[in-house]
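Structural overview for review
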Amino acid sequence: MRASSDEVTLLAVETVSENKCFGGLQGVYTHASAETQTEMTFAVFVPEHQPGDKLPVLWYLSGLTCTHANVMDKGEYRRLANALGLMIVCPDTSPRGAQVADDDSYDMGQGAGFYVDATEQPWAKHFRMRAYVETELPALIEQHFPVDMTRQAIFGHSMGGHGALTMALRNPDRFKSVSAFAPIVAPSECPWGHKALGGYLGPDRATWRNYDSCALIDDGARVRDILIDQGGADQFLEEQLKPDLLVAACKRAAIPLTLNMREGYDHSYFTISTFMDDHLRWHAERL
């Protein structure tokens, strides 16, 4: 982390670990979040750079059951990210702790924040992952790391792909590019989304539209272009992911969409690590 002369206003961050890798520095950090009212953990890879350099930042949002560590341990992004000069920031997927509401199933509660600001009980107090990722964590990253906040991009996997697409569509001036691995493109139209959006936001489906990529596009949101990699052997393809709905929405809106259907690949990090370099290069070109 870089030092700051303004210690009075500096948001507090604690270092969990820092390891040199491919010339850069992979770190894991914690801080007290005002949005989630919990301690939050995140990972940052800072590529090798000259003192005073400001780096473009690529946000990676993880999927159901994951933490910051899944992509950090299995994503195989550091070698090329260092060569391209890309900073990679990996938040957690939800607030956590004994005081935080949870659910016995894997697709609701801790590890399954769906990148929404919950309005329903018992979730509303802590589950504010939209505000955390869109507002609070970027402010902290800007204070502590050598980042150029005019050059931001975002990508993610599954639930995190949903988060990346919706955040990019809501903030087209902030994010210069967006991509995803096996994203949930229309949570209003699949069981995962029905459960999460209904639970966190309530039964009024009009409130769900701000967290549904296809609905956002139909409501007028636009991005420059989109890259998707989707495994053809993904066990969630037909019931949960439904990329054809995004294809149709982008066609209606004239948004260029590159959808790579990868025969034989599944929903795992074996797939993500295989095509990670393609996504890093996609974002580097646009940043």
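Residues numbered from 1 in each chain as written. Predicted model: local features only at pLDDT ≥ 70, side-chain atom pairs only at ≥ 80, totals over all residues. Heavy atoms only, no water.

1. Looking at the environment of glutamate 14
Turning to its location among the elements, glutamate 14 is positioned in strand β1 (residues 14–21). Glutamate 14 sits in the exposed class, given a relative accessible area of 55%. A sequence separation of 14 residues divides glutamate 14 from valine 28, and the C-alpha atoms of the two residues are 8.8 Å apart. Sequence-distant contacts of glutamate 14, defined by excluding residues within four places in its chain, comprise Val28, Tyr29 and Thr30. (Helix = DSSP H or I, 4+ residues; strand = E, 2+ residues; numbered from the N terminus. Buried < 20%, exposed > 50% of the residue type's maximum accessible area, 1.4 Å probe, protein only. Contact = heavy atoms within 4.5 Å.)

2. A short note on the pairing of β1
Sheet topology note: the β1/strand β2 (residues 24–32) ladder contains 7 bridges and is antiparallel. In the strand pairing of β2, asparagine 19 is matched with glutamine 26. The turn joining β1 and β2, which pair antiparallel and follow one another in sequence, is formed by 2 residues; a positive phi near 55 degrees is taken by phenylalanine 22. (Pairing = 2+ DSSP bridges.)

3. Things to note about the pattern of salt bridges
Using the criterion set out here, one finds 14 salt bridges in the structure. Arginine 286 is paired through a salt bridge with aspartate 225; the nearest N and O atoms lie 3.1 Å apart. Here aspartate 225 lies in the loop between α6 (213–218) and β8 (226–231) and arginine 286 lies in helix α9 (residues 269–286), a separation of 61 residues in the sequence. With a relative accessible area of 10%, aspartate 225 lands in the buried category. Of the charged contacts in the structure, one is a salt bridge between arginine 286 and glutamate 285, with a shortest N-O distance of 3.4 Å. When its relative accessible area of 17% is taken as the criterion, arginine 286 is described as buried. Taken together, the salt bridges that share partners define one network made up of Arg224, Asp225, Glu285 and Arg286. (Salt bridge = Lys/Arg side-chain N within 4 Å of Asp/Glu carboxyl O.)

4. Side note on the packing of aromatic side chains
Counted according to the given criterion, the structure contains 10 aromatic pairs. Centroid distance tryptophan 123 to tyrosine 200: 5.4 Å. Interplanar angle 85 degrees. Geometry classified as edge-to-face. Here tryptophan 123, found in the loop between β5 (87–91) and α3 (129–144), pairs with tyrosine 200, found in helix α5 (residues 191–201); they are 77 residues apart in sequence, far enough to count as distant. Here tryptophan 123 falls in the buried class, since its relative accessible area comes to 7%. Assessed through its relative accessible area of 0%, tyrosine 200 is described here as buried. Linked through ring pairs, Tyr29, Phe42 and Phe145 together constitute an aromatic cluster. For arginine 78, the ring lying beneath its charged end belongs to tyrosine 77, and the centroid distance is 5.1 Å. If you follow arginine 286 out to its NZ or CZ, it ends over the ring of tryptophan 282, 3.5 Å from the centre. (Phe/Tyr/Trp six-rings, centres within 6.5 Å; stacked < 30°, edge-to-face > 60°. Lys NZ or Arg CZ within 6 Å of the ring centre and 35° of its normal.)

5. Side note on the confidence of the model for the protein
Per-residue confidence for the protein gives a mean pLDDT of 96, with 97% of residues at or over 70. Note that pLDDT drops below 50 for residues 1–8; the model gives that stretch 13 contacts with residues more than four away or on any other chain. (pLDDT = per-residue confidence, 0-100.)

6. Let's talk about the side chain of glutamate 134
Secondary-structure assignment places glutamate 134 in helix α3. Relative accessible area serves as the criterion here: at 8%, glutamate 134 is assigned to the buried category. Of note is the side chain of glutamate 134, whose polar atom sits 3.1 Å from the side chain of asparagine 171. Ignoring any residue separated from it by four or fewer positions in sequence, one finds glutamate 134 in contact with Met167, Arg170, Asn171 and Arg174. (Polar contact = N/O pair within 3.5 Å; in protein donor to acceptor, adjacent residues only side chain to side chain.)

7. Re the state of the cysteines
Taken as a whole, this structure holds 0 disulfides when the rule is applied. Looking at cysteine 190, it has no disulfide partner, and the nearest cysteine sulfur is the one in cysteine 214, 10 Å off. By relative accessible area, cysteine 190 is classed as buried at 0%. Cysteine cysteine 214 shares no disulfide, and the gap to the nearest cysteine sulfur, in cysteine 250, comes to 7.4 Å. By relative accessible area, cysteine 214 is classed as buried at 8%. (Disulfide = S-S within 2.5 Å.)

8. A few points about α5
Taken together, the buried positions of α5 are Trp192, Gly193, Ala196, Leu197, Tyr200 and Leu201. Angularly, the buried residues of α5 cover 100 degrees about the axis, an arc narrow enough to put them on a single face. Structurally, α5 contributes buried residues whose contacts are with α7 (237–241). Looking one or two places after α5, you find glycine 202, whose phi comes out positive at around 100 degrees. (Arc of directions from axis to C-beta.)

9. Quick look at the side chain of serine 62
By secondary structure assignment, the location of serine 62 is in the loop between β4 (55–61) and α1 (69–74). Among the residues examined, serine 62 registers a relative accessible area of 0% and is labelled buried. Other than its neighbours up to four places away in sequence, serine 62 contacts Thr67, Val71, Thr93, Tyr115, His157, Met159, Gly160 and Tyr269.

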